[in-house]
Amino acid sequence: MRRLSIGFVSALTCFLAACSTPAALSSDVTVMRLPHNMNESHPIHQSLVHFAELAEEKSGGTLRFDIFPNGQLGSEREAIELTQTGAVDATKVSATALESFSPFYALFSIPYLFADQDHYYEVMESAIATDIYDSTSDSGFFGLTYYDAGTRNMYTIDQPVREPEDLAGLKIRVQPSETAIQMTRLMGGAPTPMAFGEVYTALQQGVIDGTENNETALIANNHGEVAKDYSYTEHAIVPDLLIFSKLRWDSFSEEERAIIREAANESSQFHKELWAEEIQRSVEAAEELGVTFHEDVNKEAFRDLVEPMHEAVRSNEMMAPYYERIREMEKEE
Ligand code: GCU
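Residues numbered from 1 in each chain as written. Predicted model: local features only at pLDDT ≥ 70, side-chain atom pairs only at ≥ 80, totals over all residues. Heavy atoms only, no water.

**Re the site of the ligand**
For the ligand, the set of nearby residues contains 13 residues, the closest of which are Lys 92, Arg 152, Arg 173, Asn 213 and Asp 240. Between Asn 37 and the ligand, the recorded distance is 3.0 Å, taken from a side-chain N or O atom to an oxygen atom. Glu 76 is positioned with one of its side-chain polar atoms (N or O) 3.0 Å from an oxygen atom of the ligand. Out of a free accessible area of 320 Å², the ligand has 98% covered by protein chains. Here the ligand is seated within the largest pocket. When grouped by side-chain class, the residues that make up the shell around the ligand number three nonpolar, five polar and five charged. Taken domain by domain, the shell around the ligand gets at least three of its residues from each of domain 1 (2-103 + 112-148 + 239-280) and domain 2 (152-237 + 281-332). (Near = heavy atom within 4 Å. Polar contact = N/O pair within 3.5 Å; in protein donor to acceptor, adjacent residues only side chain to side chain. Areas by Shrake-Rupley, 256 points an atom, 1.4 Å probe, with all protein chains shown as cover. 1 Å grid on protein atoms, 1.4 Å probe; cavity = no way out; pocket = protein on both sides within 12 Å on 5 of 7 lines; lining within 4 Å. Sits in = over half its atoms within 2 Å of the grid points. Nonpolar A, V, L, I, M, F, W, Y, C, P; charged D, E, K, R; others polar. Domains from an automatic or database assignment.)

**Thoughts on the nonpolar core**
Core analysis: the biggest nonpolar cluster contains 43 residues, and Phe 51, Phe 65, Leu 242, Phe 244 and Ile 260 have the highest contact counts within it. Here this core gets eight residues from one element, more than from any other, and that element is helix α10 (residues 254-288). When residues of this core are sorted by domain, at least three fall in each of domain 1 (2-103 + 112-148 + 239-280) and domain 2 (152-237 + 281-332). Look past the residues within four positions of Ile 260 in its chain and what remains in contact with it is Phe 51, Leu 63, Phe 65, Leu 144, Phe 244, Trp 249 and Phe 252. By size, the runner-up hydrophobic cluster in this structure holds 34 residues, among which are Tyr 105, Phe 114, Ile 132 and Tyr 323. (Core = buried A, V, L, I, M, F, W, Y, C linked by side-chain atoms within 4.5 Å. Buried < 20%, exposed > 50% of the residue type's maximum accessible area, 1.4 Å probe, protein only. Helix = DSSP H or I, 4+ residues; strand = E, 2+ residues; numbered from the N terminus. Contact = heavy atoms within 4.5 Å.)

**Considerations on the packing of aromatic side chains**
One pass over the full model with this rule turns up 16 aromatic pairs. Seen from their ring centres, Tyr 230 and Phe 293 are 5.3 Å apart, and the 50 degrees between their planes marks the pair as tilted. With Tyr 230 in strand β9 (residues 229-236) and Phe 293 in strand β11 (residues 292-294), the pair connects residues that are 63 residues apart, well separated along the chain. For Tyr 230, a relative accessible area of 0% translates into the label buried. Assessed through its relative accessible area of 16%, Phe 293 is described here as buried. The rings of Phe 51, Phe 65, Phe 142, Phe 244, Trp 249 and Phe 252 are connected pair by pair, giving a single aromatic cluster. Seen from the ring of Tyr 121, Lys 272 lies directly overhead, with NZ or CZ sitting 4.1 Å from the centre. (Phe/Tyr/Trp six-rings, centres within 6.5 Å; stacked < 30°, edge-to-face > 60°. Lys NZ or Arg CZ within 6 Å of the ring centre and 35° of its normal.)

**Describing the layout of surface pockets**
The computed volume of the largest pocket comes to approximately 1,100 Å³. Forming the walls of the largest pocket are 48 residues, and the residues nearest its centre are Ser 75, Pro 176, Met 194, Ala 195 and Phe 196. If you list the elements that add at least two residues to the lining of the largest pocket, you get α1 (2-18), α3 (76-85), β3 (90-94), α7 (199-204) and α8 (216-220). Here the residues of the lining of the largest pocket sort into 17 nonpolar, 20 polar and 11 charged. (Points joined across faces, edges and corners; volume = space filled by probe spheres on them.)

**Some details on the domain arrangement of the chain**
One can read the domain layout of the chain as domain 1 (2-103 + 112-148 + 239-280) and domain 2 (152-237 + 281-332). Averaged C-alpha coordinates put domain 1 and domain 2 at centres separated by 25 Å. The interface is formed by 32 residues belonging to domain 1 together with 33 residues belonging to domain 2. Of the roughly 2,800 Å² buried between domain 1 and domain 2, counting both surfaces, carbon and sulfur atoms make up 58%. At the surface where domain 1 touches domain 2, the tally comes to two salt bridges. Every element with two or more residues in the side of domain 1 that touches domain 2 is listed here: α4 (117-124), α5 (127-134) and α10. The leading source of residues in the side of domain 1 that touches domain 2 is α10, at five residues. Class assignment of the residues belonging to the side of domain 1 that touches domain 2 gives a composition of 15 nonpolar, 10 polar and seven charged. (Buried area = accessible area lost by both parts, 1.4 Å probe. Salt bridge = Lys/Arg side-chain N within 4 Å of Asp/Glu carboxyl O.)

Okay, structure coming up:
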């Protein structure tokens, strides 16, 4: 599996290197590639398009990003590897997908880490986030900004998840990450890791009994056609991150870097507003599809079951300071 993925990335790297900047463009226009795994109807696509527009506008047309949606250049893991080698310039991935590149990113996926949305925003806009973003600078990329990806909840084909017992024996698709696997196991389910692009078919074919994600997946990715019970376990708030290739970044002037940073931060704020509207719209559309939203979930029970994950971070010398800082910010709220 790992060998296949490396093969895929090197083949794609050669292919991308072969297609150079179109001749018609003036040589002082830098055209960059930004792939991601969602389709054009997903809010993250709109926010990435907004980022590209802002960068182009602020640079007087000299910094251009071509966006490749739908995972057409590969899964999140493959997109990270392409960014690392500089075959693409940036990508948007879930923070969960980054934990095998630097353990610090795993913090964002710890279940019940953030007390609420305000606490989450505060942490994501603090030095804690930027320290973590820089932890991969020596391995070819770094994080530039975050995009709200809502709260993750369990949803299943035909039974609500109110108590841990309800998950017993259920095959739940999780993101391919140790943290997600451990979390789902502790919560009571049988974790089945797979790339996001495969989830709809896996639900349809009954390969899995359910999965966990924010509400947009029900509509933008059609999961609500098959999964009819969405239960508010609210077990994780995991950001999407815009990561950038170090190779490309190092070739920029200070002015270009400032433009890209500004475009990234503005698009992140734009996304926050869009996100709230899209969640509302997704819930309404999913209800029309026959999805039932369950609020009566025993979150306390799930929270207690994942406590060993908190304990593990607290007793990890490297991670503990970050964890404690996040906790402190909760108290200051
Ligand atoms: C969220 C997240 C995506 C991620 C997906 C997943 O939708 O925004 O970046 O790919 O979860 O579960 O894989």
